[in-house]
Amino acid sequence: MTAPASRHPPEVVDAIQLSANVNRHREGCAEWARSGNIRQVDATAQPIEAARRDRLGNPAAPARVPLYLTLAVILLGALERWWAAAHTVGTLTSDGAVIGLMALRLLHHGQLSVYMWGQSYGGSLEAVLTAIVFAVAGTGTSQLLAATALSSALCAIALWRAGRHIVGEPAAQLGALAFWVWPASFLWRSVKPGGTYMIGLAIALCAVGALARIRQGDDDWRNCGFAGLLCGLAVWSSPMSLELLIPVAVWLIPTFRRLGRRLLAGAAGALLGGLPAVIYGAMHDWRNLHMPGYRADLLSGAPARFRQFFTTEAPIAMSVRVEGTFAWLGGHAGQVLAWAAAAALVATAWQVILGRAARCTLPVITLALLPFLYAFIPLADHAGQGRYALFAVPMAALLIGAGLERAGASLQRLTRDMAGRSRNAQPAGAQDPAVAPQAQAIRPAGPAARLGPARWLVWTAGLGCVALLGAIGLHDEPGSVLVGLPTPDVPMPANDSPLLALLSEHGVRDAYAPYWIAYRVTFETGQRTKVASLELDRDPLIAATVSASRDPAYLFVSRSRTLRRFETWCDRHKVGYQAWHRRSFTVVQPRSKVDPEKLPRTVLG
């Protein structure tokens, strides 16, 4: 017996079938969300495309950023880092040179300290990565900067992977791409070896991603232990990782109740990850628990640092104020952008409170707690150091990604509605009351072809604006200020090639110098010349080698008053010496050994 023929044309029958698929897709998403198997999703997002995939028997897949846009932003971020490395702002300093020297010590002698030389915070994992880069690409300043740039790429990748479980796709991709090209303080530090930033941030973001997966239900003993391991490694690598981990802990309070005894696996993993710090503390009177500070201590300086966050640190972290000069980007334009960003954050927080933007909860919590956490960082007494808010910036990038995704979706809907109203022809049978809603719900031929380009246009324009903001801020960074550190009374010149030439010509093998000369020269000469610091001794082995030398030289910036005082002291005490000058530097070679510990403190400043 044959089925009765439909009274509707074939295209209308197909419309009804597609509409039924749409309804099943919506009901399925709602049921899954109610069952707790997946996070709440927007069942109305892309119903036409979802129905088409359902009809073909394929699982629905989230939208993705176009490959051309991804590659273009990656290339742009790489060019920004190349520009920074090639200009004054990327000049190697002694802090960065210490990372290179630690990597060489590990590579050649198998020795690795728990923390950066001469301090009890900031783990040594960046030196491990740098040693790997040296083993593959050779040793040099370019390879040292490239290792840090590689760490910054790991940060962007880790943010994308974590963001998938926080804001979903494609917002996570957009946020990671935005973070790759913004802000300027992140771009600058992407080529500034420092030991406590890039690797620590990458591990902290990996920890956030692991914890977000646990919140979604992937919470067996193994995953809990792995998340704890990452948390321990992050805190060892940089105490500033707490700017991310404390907000995540607040976000996970309901999840902690569900985990029960599996929290023990997380605690054991955290202990294992932070074991180097625990062993160091036990062997050094828990020195690593005492946070270093400058003008004020932990509590009395907190109010000033809290105010400083809003006036200086946050604008620098947003790339609307220039680190080093404190100038607003574009004058009043920077201030307008800062207020606009603050208003957008408040509006987003209100939507989170109302339950309309649940995926933005963690980024909002992180940015809301940041001023208070910043206030309890004694190191932040150094005004205008954008690094002390750096660990929370990835959450701001995720908000940018979520905003771009929503703006793209809004433009899609607007384009669809306008195109729908402008269509003169309607599908056959659209006037039939039984099928008019179904036929109106699907119009795949016309507007659908323009939905993708409309969305991509928003994403391209948004990422372009963010990249432009980062590039302008990076260009305005005053390199001579940021790398011209005191030696001790005049700035260290960015170009030290005249000094390296003097050392090579006169065969100087051991010397003393101010800190910002010492370790930089030691690394740049391939340790042919070992230079001990007169102010901050980071490596006892270098200091012992120079101290045992029979004729150590002294290195000065020629304009420094310490050079005149040293020469005066030598003349007064009948100590003969030779002085070699070249451009900004002077090398003084006494004919008899001069021990810096026996010099009056007023001589070397």
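Below is a summary of the structure that appears in this document.

### Some points on the sheet that holds strand E2 (residues 530–533)
The strand order E2-E1-E3-E5-E4 describes an open sheet built from 5 strands, whose pairing is mixed. With one partner strand each, in any of the chains shown, E2 and strand E4 (577–582) form the two edges of the open sheet. Strand-to-strand, the axes of this sheet are offset by a mean angle of 25°, without reference to chain direction. In this sheet, strand E5 (residues 585–590) lies alongside E4 in antiparallel orientation, the contact comprising 6 bridges.

### Describing the pairing of strand E3 (residues 553–557)
In terms of residue burial, E3 counts as a mostly covered element, since 5 of its 5 residues are buried. Burial of the side chains of E3 extends over both faces: Ala 553, Leu 555 and Val 557 are buried on one face and Tyr 554 and Phe 556 on the other. Here strand E1 (residues 510–513) runs beside E3; their pairing, made up of 2 bridges, is parallel. Along E3, the bridge assignment pairs Tyr 512 with Tyr 554.

### Points about the nonpolar core
By size, the foremost hydrophobic cluster in this structure holds 82 residues, and its most contacted members are Ile 166, Phe 179, Leu 201, Met 395 and Leu 463. Counting residues per element, this core draws most heavily on helix H9 (residues 198–215), which supplies 13 residues. With residues up to four places along the chain from it excluded, the contact list for Leu 463 reads Leu 69, Val 73, Leu 174, Leu 177, Ala 178 and Leu 404. One finds Val 98, Ala 131, Met 492 and Val 531 within the second-largest nonpolar core, a separate group that totals 52 residues.

### Section: the pattern of salt bridges
Side-chain pairing between opposite charges can occur once the charged atoms of the two side chains come close. Applying the stated criterion across every chain yields a total of 11 salt bridges. Here the salt bridges share partners, and the residues they tie into one network are Asp 219, Arg 258 and Arg 262.

### Topic: helix H3 (residues 67–86)
Counted at 1.5 Å a residue, the expected span for H3 with its 20 residues is 28 Å, and the 28 Å between its end C-alpha atoms agrees. Looking only at H3, the buried set comprises Leu 69, Thr 70, Val 73, Gly 77, Glu 80, Arg 81 and Ala 84. Around the axis of H3, the buried residues are gathered within 110° of arc, so they sit on the same side. Exposed residues pointing more than 90 degrees away from the buried face of H3 are listed as Leu 67, Leu 75, Trp 82 and Ala 86.

Definitions and limits used
Residues numbered from 1 in each chain as written. Predicted model: local features only at pLDDT ≥ 70, side-chain atom pairs only at ≥ 80, totals over all residues. Heavy atoms only, no water. Pairing = 2+ DSSP bridges. Helix = DSSP H or I, 4+ residues; strand = E, 2+ residues; numbered from the N terminus. Axes fitted to C-alpha atoms, helices over the stretch in contact; angles between N-to-C directions. Buried < 20%, exposed > 50% of the residue type's maximum accessible area, 1.4 Å probe, protein only. Core = buried A, V, L, I, M, F, W, Y, C linked by side-chain atoms within 4.5 Å. Contact = heavy atoms within 4.5 Å. Salt bridge = Lys/Arg side-chain N within 4 Å of Asp/Glu carboxyl O. Expected span 1.5 Å × (residues − 1). Arc of directions from axis to C-beta.

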